[in-house]
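Commentary on secondary and tertiary structure
Residue strings, one per chain:
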Amino acid sequence: MAIDWVRSWESLGKPQETEIGRPFAQHNQDGRLEVFAIGLGGIFNISQVFPNGGWRDGWLSKDRPSLNVRIKLHVVGKNADGRLEIFALGDDNALWHIWQVTPNDGWSEWKTLGTPARDTSLTDQFTVGRNKDGRQEVFAVGNEGSVWQVWQTAPNGGWSDWEELGEPLVGIRRSDRITVGSNEDGRQELFVIGRDDALFHIWQVAPNAGWSDWKSLGRPRDQFGFPVDSPEPPKDRDLSEPVVQKNHDGHLEVFAPGNGAFCNRWQEMPIFPGSNWRREGWNAKPKPSDRVGLTWLEAALNFENRLEVLAFGDDGALWNARQIDEKPFWSKWESLGSPPVKIREADRLTIGTNQDGRLEVFVVGQDAAVWHIWQIR
């Protein structure tokens, strides 16, 4: 089936009182998409009126943690009962959160989850995952270089103290995001870029509990040497800003921009702890064209249950490609253009999934408003 996108971008505007940035999309229990963005040091949100449909007029404020704390970055997770929860890094370098008091509606006051220790503050490398039993878990890199974790002690419930997951022996490269996925059996798996430019991962050894040691997945420039009789040559690519997504059959796949395109590597089996990852090493997808390279990407499953990549090009446009059945198993790149005001790339992009599976992409324009474009069948 052909997948089409609407032909023109539309604006969701911005709050009357401020510019906004760094949108993050998540869907409510009832399927309505909701977008959260930063403005005036706090969070503003806007939501669909009904699933798969139009959007409410106007942005609402979720305020800021306190008069003395402004938000720098945020992610949005979901509780086991479907209630959304915002996790935010304050300019006090502590973690704050606010949550829906009932599914789809109503919000608590801001509360702090603090820092791992008095002499350890948090950096902007943080993300949220979810255990098989529905308990949310936040992972963050501390200013001393280690990954720290804090989790709900019961589904929909309170929170643990911070605990340390450590770091690879080579350390963590501080310029890149960290990303977490869930295996087919519910075990979480976390990915970071090491200071040796390789991708590292660590995973739960059983659902809801226990973690492995750190292990390297290498670099595209490495010689993997499998199969022995016809090893693939090393790829002259670098890795940055990885993102992990799960394929329809459950196996995880990591995408990372590299030299204007992306590299990807995936699990050969979707279930077993420490399962083999593509033994030939990294695959490399070409750039959109000789004149256009990629600078940032996200990935999601579309309504055909195929992974689709949405990426910023250095031509100022949004580009996409998706899995197909024929070799090379990815479609050609297609430009989705840009809003008439152009894209403010520093604010990244975020992908929402409608209740019917259609993807919807949100960016910030040069007018400091949120713009979106979406799939049509």
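All of these numbers come straight from a predicted model, not from anything done at the bench.

**With respect to empty space enclosed by the protein**
As enumerated under the stated definition, the model contains 1 cavity of 30 Å³ or more in all. Volume-wise, the largest cavity comes out at about 40 Å³. Every residue lining the largest cavity is listed: P220, D222, Q223, F224, G225, E232, P233, P234, K235, E280 and W282. A class-by-class count of the residues in the lining of the largest cavity yields 5 nonpolar, 2 polar and 4 charged.

**Some points on the pattern of salt bridges**
A full pass over the atoms with the stated rule returns 19 salt bridges. Its salt-bridge partner being E298, residue R177 comes within 2.8 Å of it at the nearest N-O pair. With R177 in the loop between strand 15 (163–166) and strand 16 (179–182) and E298 in strand 25 (residues 294–301), this pair connects stretches of sequence that are 121 residues apart. Like E298, R177 is buried. Put simply, K235 and E232 hold a salt bridge, and the shortest N to O gap is 2.3 Å. A residue is classified by how much of its surface remains accessible, and K235, at 15% relative accessible area, is buried. For E232, a relative accessible area of 23% corresponds to the partly exposed category. Among the ionic contacts, a cluster of salt bridges with common partners joins E19, R344 and D347.

**So, the side chain of E360**
Along the chain, E360 falls in strand 30 (residues 359–364). Despite its burial, E360 pairs with no opposite charge, the nearest such side chain being R358 at 5.3 Å. Of note is the side chain of E360, whose polar atom sits 3.4 Å from the side chain of W55. One polar contact links E360 to H372, side chain to side chain, over a distance of 2.7 Å.

Conventions and cut-offs
- Residues numbered from 1 in each chain as written.
- Predicted model: local features only at pLDDT ≥ 70, side-chain atom pairs only at ≥ 80, totals over all residues.
- Heavy atoms only, no water.
- 1 Å grid on protein atoms, 1.4 Å probe; cavity = no way out; pocket = protein on both sides within 12 Å on 5 of 7 lines; lining within 4 Å.
- Points joined across faces, edges and corners; volume = space filled by probe spheres on them.
- Nonpolar A, V, L, I, M, F, W, Y, C, P; charged D, E, K, R; others polar.
- Salt bridge = Lys/Arg side-chain N within 4 Å of Asp/Glu carboxyl O.
- Helix = DSSP H or I, 4+ residues; strand = E, 2+ residues; numbered from the N terminus.
- Buried < 20%, exposed > 50% of the residue type's maximum accessible area, 1.4 Å probe, protein only.
- Lys, Arg positive; Asp, Glu negative; His and termini not counted.
- Polar contact = N/O pair within 3.5 Å; in protein donor to acceptor, adjacent residues only side chain to side chain.

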